[in-house]
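Here's the letter readout for the chains.
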Amino acid sequence: MRVGVLTGGGDCPGLNAVIRAVVRRTIGKYGGAVVGFRYGWAGVISGNTLKLGIDEVSGILPRGGTILGTSRTNPYKADGGVNAIARRFKKENLDAVIAVGGEDTLGVAYKLYDQEGLPIIGVPKTIDNDIPGTDFTFGFDTAVTIATEAIDRLHTTAESHNRVVVVEVMGRSTGWIAVKAGIAGGADLIIIPEIPITLEEICDVIRKRHERGKNFSIVVVAEGAQYPPDAPDQEEGGVVTTGQTTDAFGHVRLGGIGNRLARAVENVTGYETRVSVLGYVQRGGTPTAFDRVLGTRFGVLAADLAHQGDFGKMVSLNGDRVIPISLKHASENVKRVDMELFDVARTFFG
Ligand code: F6P
């Protein structure tokens, strides 16, 4: 059995755990071989490969990022990309390819399986935790842990200076990181893409805290949240971006809502307001134990599916069980924040 593996999309803690598990299971249990493709689908198109034996994956479990490198390459947008991939499968004599990625990488994986009949298995990853069909993606727990620690640290400055601190966290389409880290860090308000909010409502929450003697506030905002429609500097489109360019999957580059909000809140309330944008720190460094274990379990099951020839599947976490489901799920919408969870968070607003 000869298995290919690639990592696509944004990097995420736990990717190396998956690669290690795929290699150890394929070689150790099935006597197969594994070839890594560098930089996501780009490596399959161009034939940029890396031999992955037991030695190559030794010591990578606690390492962040991905030893294979990653990119946001969309073969359906690259000239001859799909044909090049089909040829690569033959040339490399591959029985299966395991694609580790988010909605975009897995969307491509599903199309290649469905329309080209290629033997592909998906492994969902993203710090955003927004892939349907799986309770959690690895990377999310690490991001939440990092953001929670940041909120704890920001609390001490906010409290010492009587300031409002706006903390901008990642989350392109959903507010999972904002809600979980906000609950864990004791946020006084959490703003997410799923729940639009006005500037007046935001300022009311902060004013009420001041009225009950709390002279500081922590506001957590997801980068993909809608900018309040009643803010004076509101622009077309709702979300705040760092430019007009889009990636190969049509996504704009988000970022900046925290700064804009902080300015607007200070103008309306008169309270001194600062911002902290956590950015890529949330995706960097060593994965938590939870993410190492989840990545490892996903990698082992993906290798088993490759051996069984059970293609067009995505591994997923269902309760405490890791199970295969249709890869189609990965490209169906996004998994939005559970409103029961948001209601828990809301209990502590103001
Ligand atoms: O999907 C994960 C994520 O970190 C999002 O939270 C964020 O919007 C996006 O990736 C940033 O992507 P890039 O690495 O292209 O800046």
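Each value, and the rule that gives it
Residues numbered from 1 in each chain as written. Predicted model: local features only at pLDDT ≥ 70, side-chain atom pairs only at ≥ 80, totals over all residues. Heavy atoms only, no water. Pairing = 2+ DSSP bridges. Helix = DSSP H or I, 4+ residues; strand = E, 2+ residues; numbered from the N terminus. Axes fitted to C-alpha atoms, helices over the stretch in contact; angles between N-to-C directions. Near = heavy atom within 4 Å. Polar contact = N/O pair within 3.5 Å; in protein donor to acceptor, adjacent residues only side chain to side chain. Areas by Shrake-Rupley, 256 points an atom, 1.4 Å probe, with all protein chains shown as cover. Nonpolar A, V, L, I, M, F, W, Y, C, P; charged D, E, K, R; others polar. Domains from an automatic or database assignment. Core = buried A, V, L, I, M, F, W, Y, C linked by side-chain atoms within 4.5 Å. Buried < 20%, exposed > 50% of the residue type's maximum accessible area, 1.4 Å probe, protein only. Contact = heavy atoms within 4.5 Å. Buried area = accessible area lost by both parts, 1.4 Å probe. Salt bridge = Lys/Arg side-chain N within 4 Å of Asp/Glu carboxyl O.

Pairing within the open sheet is parallel, and its 4 strands lie in the order β7-β8-β6-β11. The open sheet is flanked by β7 (189-191) and β11 (273-277), the only strands paired with a single partner. Between one strand axis and the next, the sheet turns by 20° as a mean value, whatever way the strands run.

All residues in the neighbourhood of the ligand are listed as Arg72, Thr126, Ile127, Asp128, Met170, Gly171, Arg172, Glu223, Tyr280 and Arg283. Side-chain polar atom of glutamate 223 to an oxygen atom of the ligand: 2.5 Å apart, as the coordinates give it. Tyrosine 280 places a polar side-chain atom, nitrogen or oxygen, 2.4 Å from an oxygen atom of the ligand. When the free accessible area of the ligand is taken as 400 Å², the share hidden by the protein chains comes to 81%. When its residues are assigned to classes, the shell around the ligand shows 3 nonpolar, 2 polar and 5 charged. The residues that make up the shell around the ligand include at least three from each of domain 1 (2-138 + 287-331) and domain 2 (140-284).

Looking now at the nonpolar core. Core analysis: the biggest nonpolar cluster contains 81 residues, and Ile98 and Ile190 have the highest contact counts within it. Looking at which element gives the most residues to this core, the answer is helix α5 (residues 140-161), with 8 residues. Three or more residues apiece are contributed to this core by two domains, here domain 1 (2-138 + 287-331) and domain 2 (140-284). The residues touching isoleucine 190, leaving out its near neighbours within four places in the chain, are Ala178, Val179, Gly182, Ile183, Val220, Phe342, Ala345 and Phe349.

Taken in spatial order, the 7 strands make up an open sheet running β3-β2-β1-β4-β5-β12-β13, and their pairing is mixed. Unpaired on one side and paired on the other, β3 (49-52) and β13 (321-326) mark the two borders of the sheet. Direction aside, the axes of adjacent strands within the sheet are offset by 30° on average. In terms of strand pairing, strand β12 (residues 313-318) meets β13 through 6 bridges, oriented antiparallel. Among the inter-strand pairings, lysine 313 is bridged to a residue of β13, identified as serine 326. Sitting on the sheet, helix α1 (residues 15-28) touches β1 (2-7), β2 (33-37), β3, β4 (96-101) and β5 (120-124), and the angle it makes with β2 is about 155°. On top of the sheet, helix α4 (residues 103-116) reaches β1, β4, β5 and β12; it is set at about 165° to β5, its chief contact.

Right, let's talk about the domain arrangement of the chain for a bit. Its domain assignment divides the chain into domain 1 (2-138 + 287-331) and domain 2 (140-284). Measuring from the centre of the C-alpha atoms in domain 1 to the corresponding centre in domain 2 gives 33 Å. Between domain 1 and domain 2 lies a buried interface of about 1800 Å² when both sides are counted; carbon and sulfur atoms form 52% of it. Of all residues in domain 1, Arg72, Ile127 and Asp128 give up the largest surface area on contact with domain 2, accounting jointly for 33% of the area buried on that side. Arginine 172 is the partner of aspartate 104 in a salt bridge, and the nearest nitrogen-oxygen pair spans 3.9 Å. On the surface where domain 1 and domain 2 come into contact, there are 11 residue pairs in polar contact (both at pLDDT 80 or more). Broken down by secondary-structure element, the contributors of at least two residues to the side of domain 1 that touches domain 2 are α4 and α9 (289-308).

Turning our attention to the environment of phenylalanine 249. By secondary structure assignment, the location of phenylalanine 249 is in the loop between β9 (241-246) and β10 (252-254). In contact with phenylalanine 249, other than residues within four places in its own chain, are Arg72, Thr73, Asn74, Asp104 and Val108.

Looking at where alanine 21 falls in the secondary structure, it is placed in helix α1. By relative accessible area, which is 5% here, alanine 21 ends up buried. In the structure, alanine 21 is positioned 14 residues away from threonine 7 in sequence and 14 Å away in space, judged by C-alpha atoms. Not counting residues up to four positions away in its chain, the partners in contact with alanine 21 are Thr296, Gly299 and Val300.

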